[in-house]
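Understanding the architecture of this molecule
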Amino acid sequence: MKNLWLLLPAFALLLVFSCSDEDYCIEQNKVDEALINRYIDSVGLTGVQVTEDGIHYVITQEGDGPAPTSTSRVTVHYIGTKLDGTKFDSSYDRGQSTSFSLTGVIEGWQLGIPLLRKGGSGILIIPSCLAYRRNPPSSTIGRDAVLVFDIRLLEVN
């Protein structure tokens, strides 16, 4: 019986790591939703819409060109921050826009950028499971981070 207590931490770890990614995201989305709503209130963001996937967004400038599809190649200018306002990336800081295929970026961009039209701008607030989840590309972003992107869609190909 005494040795049974030694197995409990190992059993708990097994449960955590055997949890499916889908189960993990269901729970994490609840946490993210509360954080996102608190953020929206704290910065006074208005006109926020929510996609079926949980991306919160605001179109800040309507575009007059085509909207991209999930497989389009796009050119954007953007600023990426965490909910606390910490900037982790910016094409403006690099002094040039960036081009990429939407098939090669985080799911939140694949789903969110097609909400814009060429020439338009918007703010995307992306839950962690549509961003980098538990595996961010840098420690600057951090695990399970909700990300905020201010994006201007320059070109759609």
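Residues numbered from 1 in each chain as written. Predicted model: local features only at pLDDT ≥ 70, side-chain atom pairs only at ≥ 80, totals over all residues. Heavy atoms only, no water.

1. Here we look at the environment of Asp150
Quick reminder of the rule: Helix and strand labels come from DSSP, where a helix needs a run of H or I of at least four residues and a strand needs a run of E of at least two; each type is numbered from the N terminus. Residues are treated as being in contact if the distance between any of their heavy atoms lies within 4.5 Å.
Inspection of the secondary structure assignment puts Asp150 in strand β7 (residues 147–156). Here the alpha-carbon distance between Asp150 and Leu124, two residues 26 residues apart in the chain, equals 6.5 Å. Beyond its immediate chain neighbours, meaning those up to four positions away, Asp150 contacts His77, Tyr78, Ile79, Gly122 and Ile123.

2. Looking at the state of the cysteines
Convention followed: The disulfide definition used here is simple: a pair of cysteine sulfur atoms within 2.5 Å. To sort residues, take the accessible area from a 1.4 Å probe on protein chains only and compare it with the maximum for the residue type: under 20% means buried, over 50% means exposed, and anything in between is partly exposed.
Counted according to the given criterion, the structure contains 1 disulfide. Covalently, Cys25 is tied to Cys129 through a disulfide, its sulfur atoms 2.2 Å apart. Between Cys25 and Cys129 the disulfide shows an S-S torsion of about -100 degrees. By sign, it is left-handed. Here Cys25, found in helix α2 (residues 21–43), pairs with Cys129, found in the loop between β6 (121–126) and β7; they are 104 residues apart in sequence, far enough to count as distant. Each member of the pair, Cys25 as well as Cys129, carries the same accessibility label: buried.

3. Section: the side chain of Ser72
Selection criterion: In protein, a polar contact requires one atom able to donate a hydrogen and another able to accept it; more generally it is a pair of N or O atoms within 3.5 Å, and residues adjacent in sequence count only if both atoms are side-chain atoms.
With respect to the helices and strands, Ser72 occurs in the loop between β2 (56–61) and β3 (73–82). Here Ser72 falls in the buried class, since its relative accessible area comes to 9%. At 2.8 Å, the side chain of Ser72 and the backbone nitrogen of Thr69 are in polar contact. With sequence-adjacent residues up to four places away left out, Ser72 is seen in contact with Phe100, Ser101, Leu102, Val156 and Asn157.

4. Overview of the pattern of salt bridges
Just so we agree on the cut-off: Any carboxyl oxygen of Asp or Glu within 4 Å of a side-chain nitrogen of Lys or Arg constitutes a salt bridge here.
Applying the stated criterion across every chain, the model contains 7 salt bridges. One continuous salt-bridge network, built from bridges that share partners, spans Asp21, Arg133 and Arg134.

5. A closer look at the layout of surface pockets
Let me state the cut-off plainly: A 1.4 Å probe that fits into a set of points on a 1 Å grid over the protein atoms alone but cannot get out defines a cavity; an open set with protein on both sides within 12 Å along at least five of seven lines defines a pocket, and lining residues are those with an atom within 4 Å of a point. Grid points are joined across faces, edges and corners, and a volume is the space filled by probe spheres set on the points. Lys, Arg, Asp and Glu make up the charged group, whereas Ala, Val, Leu, Ile, Met, Phe, Trp, Tyr, Cys and Pro make up the nonpolar group; the residues left over, Gly among them, are polar.
Space inside the largest pocket adds up to approximately 240 Å³. Contributing to the lining of the largest pocket are 13 residues, with Tyr78, Phe88, Asp89, Tyr132 and Phe149 lying nearest its centre. For the lining of the largest pocket, the elements supplying multiple residues, two or more each, are β4 (87–90) and β5 (98–101). For the lining of the largest pocket, the residue count by class is 10 nonpolar, 2 polar and 1 charged.

6. As for the environment of Gln28
Within the secondary structure, Gln28 sits in helix α2. In this structure Gln28 comes out as buried when scored by relative accessible area, which is 11%. Gln28 sits 100 residues away from Ser128 along the chain, and the two C-alpha atoms are 7.7 Å apart. The contacts of Gln28, once residues within four sequence positions are left out, are Ser128, Cys129 and Asp144.

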